[in-house]
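Results of the structural survey
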Amino acid sequence: MLNFYDFTIERLQEYLTQNGFKSFNADQIYKWVYEKKIINFEMMTNISKPLKEFLKENFLLEDLEVHTVQESSDGTVKFLFKLGDGSLIESVLMTHDYGKSICVTSQVGCNMGCAFCASGLIKKARDLKIHELVRQVTSVENHLKIKITHVVVMGTGEPFDNYDNVIDFIKVINYKNGLQIGSRHITVSTCGIVPKILEYANEPIKTNLAISLHAANDELRNRLMPINRAFPLSEIIDACKEYFKISGRRVTFEYILLHGVNDSIQHANELSDLIRGINAYVNLIPYNPVNEFRFKKTDSQKASDFYAQLIKRGINATLRREQGSDIDAACGQLRYKKENGI
Ligand code: SAH
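Everything numeric here is computed off the predicted structure, so don't read it as measured data.

**Looking at helix α5 (residues 163-174)**
If you check α5, its first and last C-alpha atoms are 16 Å apart, about what twelve residues at 1.5 Å a residue would give, namely 16 Å. In this structure, the buried side of α5 is in contact with α2 (23-35), α4 (130-144), β9 (150-153), β10 (186-190) and α6 (194-201).

**Looking at the nonpolar core**
F4, I29, F169, F253 and V282 are the most contacted members of the largest nonpolar core, which totals 106 residues. Not counting residues up to four positions away in its chain, the partners in contact with F169 are V104, I130, L133, V134, V137, V151 and V153.

**So, the pattern of salt bridges**
Evaluation of the coordinates by the stated rule reveals 16 salt bridges. Put simply, K147 and E141 hold a salt bridge, and the shortest N to O gap is 3.6 Å. The class for K147 is partly exposed, based on a relative accessible area of 44%. Its relative accessible area of 2% is what places E141 among the buried residues. For D273, the salt bridge goes to R276, with nearest N and O atoms at 2.5 Å. Each of K37, E141 and K147 takes part in salt bridges that share partners, so that together they form one network.

**Focus: the domain arrangement of the protein**
Split by domain assignment, the protein resolves into domain 1 (2-60) and domain 2 (65-340). In this structure, domain 1 and domain 2 have C-alpha centres spaced 33 Å apart. On the domain 2 side, the residues contacting the 13 residues of domain 1 number 17 residues. At the boundary of domain 1 with domain 2, the tally comes to one salt bridge. Among the ionic pairs, K37 bridges to E141, the shortest N-O distance being 2.7 Å. At the surface where domain 1 touches domain 2, the tally comes to six residue pairs in polar contact (both at pLDDT 80 or more). Of all the secondary structure elements, the ones that give two or more residues to the side of domain 1 that touches domain 2 are α1 (9-18) and α2. Ranked by the residues each element gives to the side of domain 1 that touches domain 2, the list is headed by α2, at five residues. In terms of residue class, the side of domain 1 that touches domain 2 is made up of five nonpolar, two polar and six charged.

**Side note on the pairing of strand β12 (residues 251-257)**
One face of the sheet, then the other: side chains in a regular strand alternate in exactly this way. The buried count for β12 comes to seven of seven residues, which makes it a mostly enclosed element. Pairing geometry for strand β11 (residues 208-212) and β12, over four bridges, is parallel. Among the inter-strand pairings, A210 is bridged to a residue of β12, identified as T252. Taken together, the seven bridges between β12 and strand β13 (residues 280-286) define a ladder with parallel strand orientation. When the sheet's bridge partners are listed, E254 is paired in β13 with N283. Regarding topology, helix α9 (residues 265-275) serves as the crossover connection from β12 to the parallel β13, and that connection is right-handed.

**So, the sheet that holds strand β6 (residues 99-103)**
As a general point, the strands of a sheet are linked pairwise by backbone hydrogen bonds and lie either parallel or antiparallel. Strand order in the open sheet formed by ten strands is β3-β4-β5-β6-β9-β10-β11-β12-β13-β14, and the pairing between neighbours is mixed. Edge positions in the open sheet fall to β3 (65-71) and β14 (316-319), since each of these has one partner strand only. Neighbouring strand axes in the sheet, compared pairwise and without regard to direction, differ in orientation by 20° on average. In the packing of α6 onto the sheet, the strands contacted are β10 and β11, and the crossing angle to β11 comes to about 165°. Along the sheet, helix α10 (residues 300-312) contacts β12, β13 and β14; its crossing angle with β14, the most-contacted strand, is approximately 165°.

**Some thoughts on the side chain of Q136**
You can see Q136 is positioned in helix α4. On the accessibility criterion, Q136 (0% relative accessible area) is buried. Among the polar contacts listed, one links the side chain of Q136 to the backbone oxygen of E132, at a separation of 3.2 Å. Not counting the four nearest positions on each side in its chain, Q136 is found in contact with L64, F81, I89, E90, S91, I102, V104, T105 and L128.

**A word on helix α8 (residues 233-247)**
The first and last C-alpha atoms of α8 sit 20 Å apart over 15 residues, in line with the 21 Å expected at 1.5 Å per residue. Turning to α8, its buried residues are L233, I236, I237, A239, C240, Y243 and S247. Each buried residue of α8 sits inside an arc of 160° when the element is viewed along its axis, so together they form one side. The inward-facing, buried residues of α8 contact α6, β11, α7 (218-224), β12 and α9. A positive backbone phi angle near 70° is found at G248, which sits one or two residues after α8.

**Let's talk about the environment of N269**
Relative to the elements of secondary structure, N269 occurs in helix α9. Linking N269 and F79, residues 190 residues apart in sequence, is a C-alpha distance of 39 Å. With residues up to four places along the chain from it excluded, the contact list for N269 reads Q309 and R313.

Parameters at a glance
Residues numbered from 1 in each chain as written. Predicted model: local features only at pLDDT ≥ 70, side-chain atom pairs only at ≥ 80, totals over all residues. Heavy atoms only, no water. Helix = DSSP H or I, 4+ residues; strand = E, 2+ residues; numbered from the N terminus. Expected span 1.5 Å × (residues − 1). Contact = heavy atoms within 4.5 Å. Core = buried A, V, L, I, M, F, W, Y, C linked by side-chain atoms within 4.5 Å. Buried < 20%, exposed > 50% of the residue type's maximum accessible area, 1.4 Å probe, protein only. Salt bridge = Lys/Arg side-chain N within 4 Å of Asp/Glu carboxyl O. Domains from an automatic or database assignment. Polar contact = N/O pair within 3.5 Å; in protein donor to acceptor, adjacent residues only side chain to side chain. Nonpolar A, V, L, I, M, F, W, Y, C, P; charged D, E, K, R; others polar. Pairing = 2+ DSSP bridges. Right-handed = clockwise from strand over helix to strand, strands pointing away. Axes fitted to C-alpha atoms, helices over the stretch in contact; angles between N-to-C directions. Arc of directions from axis to C-beta.

Pasting the structure below:
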């Protein structure tokens, strides 16, 4: 059996025409499944009987299995899903004044080994398939009976290490007869895999790019993020300039403030010098403590000083508020907990 949610519209059109059906049938089916949330082929009234039979014989339309749902006091909801092979993955739903956003996981575990991030404590077992990416969105929508308006690929895993599936996932959720999530409402976050940044710049669907920077010199970034040894800062900066030239979209740099590590005024100056002249803004993130690591959060006064220094130096910046930390759903805290017996 095939999984319906693995199919971009192009792939579905191709598959249907190869089997003697019409290309426009693909749009009809997409509308039923994604717009009307009808997951029973029998109920698709404008579909012919032979096509219904063909769909029933060939396609699965199941939700992901919800293993656990946890709700934070601030309304953030963390889902633990159990995949077909028993793997567990997490997605986080956040409510903002502008809509509902979901943080999607791209891999089972992560190999990037960032020194501060809980997701890397579990080594990568495999990439997520397209349907497993899509179904995180639709399963959360179905479970909570809501419409998701924003998607960030910032959960466990490195999306650019699962590039093709992430791009197809974007095609599915962005499609006009699909979930219709606008390209400007979709963000992919990478630790800085340079060749993929350039490839991403050339994708026809212009979604947002976030780069996890966290340090503005190579010596420190090598220690925090091993990927920096393969793609040092100078290469990332060049890729960002190229990205802007090709896509016309500004980049977001994410910068976790780590107490005594990267949060001094000198660090703010170094960061300003590094990204001067790039069309970008910096998202300053409060560190969410992870038991296994010794890093500490920068206190709010120091975080404000760091922020003010960036502004003084002419850098666009925001200081992100934290969500979901009481249920370990905040950035860098995603993983399933062994002590929960899972
Ligand atoms: N691999 C991708 C996406 C996952 S990380 C990437 O590196 O961008 C998503 C964001 O969470 C990144 O900016 C990451 O650096 C941040 N993050 C990781 N651990 C964190 C922690 N303990 N506290 C706060 N943010 C964290």
